[in-house]
Amino acid sequence: MRIRSWWALLSLGVSLSAGAATPVGEGGVGSEELVPRVFVDDVSYFQTDDEFHAWLELRRKLKQDFDDICGDTFCEGDYSNIESIIFRCSVDQGSGRIGQCYWVFGGSYESVDSATGKISVQARTWACRSPLARGTTIQALMKALEGPNPMNTPLPKTRKTLYDGLIDCL
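Described below are features of the structure shown in this document. Computed from a predicted structure; not experimentally measured.

**Points about a nonpolar patch on the surface**
Together, V112, I119 and V121 give the surface a local cluster of nonpolar side chains, amounting to about 300 Å² of exposed area. Along the chain, V121 falls in strand β6 (residues 119-129).

And the structure:
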């Protein structure tokens, strides 16, 4: 097979797998049709200013929760200045179901050479997958985490917390 043919097959395969489809029942038994699933970034999912601002407030609270416990837990050792960068989710545009959520962190360790004044930097990032139950919607996640300490609140349909998801990651 010529290279162009392989490229065409590869392109076809990628385009077919990019839009996964999920059966959705519209009527009785046997009346399922395939509806394409389209995932969007969390901030692109929200339809109202109130939803958008509630999501940003949740992110702010998560960052604050992490900052409050960091020094006594994750921020000991080589990377003592870990910072929350972003909490981000993919959301099925049609159903509101979450595909995945990741909490991304950055940290560094710096040392000063006393003889030269040069700074040596060791930097690192972590992408921590959140332990969400399958089928969790963005609305259910926001409702569950709307309290004062969202990082330590059980996630919908599970006993796990976002903190639990960080233990194996950081």
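Read on, since the account is not over.
**Digging into unusual backbone geometry**
Residues other than glycine seldom take positive phi values, yet K157 does so here, at roughly 65 degrees. In this fold, K157 is placed in the loop between α4 (138-144) and α5 (162-167).

**Re the state of the cysteines**
One pass over the full model with this rule turns up three disulfides. Two residues share a disulfide in this structure: C70 and C75, whose sulfurs sit 1.3 Å from each other. Linking C70 and C75, the disulfide has an S-S dihedral of approximately -45 degrees and is accordingly described as left-handed. Residue C75 is classed as buried on the basis of its relative accessible area, which comes to 6%. Across the disulfide from C128 sits C169; the S-S distance is 2.1 Å. Where C128 bonds to C169 through sulfur, the torsion about that S-S bond is close to -80 degrees, and the disulfide is left-handed.

Criteria and cut-off values
- Residues numbered from 1 in each chain as written.
- Predicted model: local features only at pLDDT ≥ 70, side-chain atom pairs only at ≥ 80, totals over all residues.
- Heavy atoms only, no water.
- Patch = residues over 30% accessible without salt bridge, like charges linked within 9 Å, V, L, I, M, F, W, Y side chains within 5 Å.
- Areas by Shrake-Rupley, 256 points an atom, 1.4 Å probe, with all protein chains shown as cover.
- Salt bridge = Lys/Arg side-chain N within 4 Å of Asp/Glu carboxyl O.
- Helix = DSSP H or I, 4+ residues; strand = E, 2+ residues; numbered from the N terminus.
- Disulfide = S-S within 2.5 Å.
- Buried < 20%, exposed > 50% of the residue type's maximum accessible area, 1.4 Å probe, protein only.

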